[in-house]
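Fold and contact review
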Amino acid sequence: FPPLRALMLTEAMHWKSLCTLALAPALLLAGEYSKEDREALIQQLTNSRAGLSSTLESITHEQSKFKPDSNTWSVLEVVEHLALIEDFLRGILLE
């Protein structure tokens, strides 16, 4: 599945963005981010989601459900996980 290779690269970039945000909850709770920082992080989440969504348009529903083995998540499972984490982070950033 050639589109899956592109998805894997996009996914790696998406994870890099999320890793950048990984410390956000602890830092936000400590009051480390200004309003401008929060707005920039929210924009990064929005851009990241848009980029991933665009990439996902190139794969079929069957490809999104494919699992090479029982220990590996499908694309659909990974995307669901990312959406949940992004929503959690967005909620913290908007507090």
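The structure we're discussing is the one just above.
Everything in this summary refers to the structure shown in the same document. This is a predicted model, so every value here is computed, not measured.

**Some details on helix α3 (residues 35-56)**
The terminal C-alpha atoms of α3 lie 32 Å apart, and with 22 residues this matches the ideal 32 Å at 1.5 Å per residue to within 8%. Looking only at α3, the buried set comprises R38, L41, I42, L45, S48, L52 and T55. An end-on view of α3 places all buried positions within 150 degrees of arc, on one side of the element. Across α3 from its buried face, at more than 90 degrees, point the exposed residues K35 and E36.

**Concerning the pattern of salt bridges**
Using the criterion set out here, one finds five salt bridges in the structure. Ionic pairing is found between E39 and K35, a salt bridge with its closest N-O pair at 3.8 Å. In this pair, E39 and K35 both sit in helix α3, four residues apart, roughly one turn of the helix. Residue classification places K35 among the exposed residues on the basis of a relative accessible area of 59%. Residues D87 and R49 are paired through a salt bridge, measuring 3.3 Å at the closest nitrogen-oxygen approach. Remark: R49 occurs in helix α3 and D87 occurs in helix α5 (residues 75-94); sequence separation between them is 38 residues. By relative accessible area, which is 32% here, R49 ends up partly exposed.

**Let's talk about the nonpolar core**
L41, I42, L45, L89 and L93 form the largest nonpolar core, which has five residues in total. For this core, the elements supplying multiple residues, two or more each, are α3 and α5. Looking at this core, the element that brings in the most residues is α3, giving three residues.

Conventions and cut-offs
Residues numbered from 1 in each chain as written. Predicted model: local features only at pLDDT ≥ 70, side-chain atom pairs only at ≥ 80, totals over all residues. Heavy atoms only, no water. Helix = DSSP H or I, 4+ residues; strand = E, 2+ residues; numbered from the N terminus. Expected span 1.5 Å × (residues − 1). Buried < 20%, exposed > 50% of the residue type's maximum accessible area, 1.4 Å probe, protein only. Arc of directions from axis to C-beta. Salt bridge = Lys/Arg side-chain N within 4 Å of Asp/Glu carboxyl O. Core = buried A, V, L, I, M, F, W, Y, C linked by side-chain atoms within 4.5 Å.

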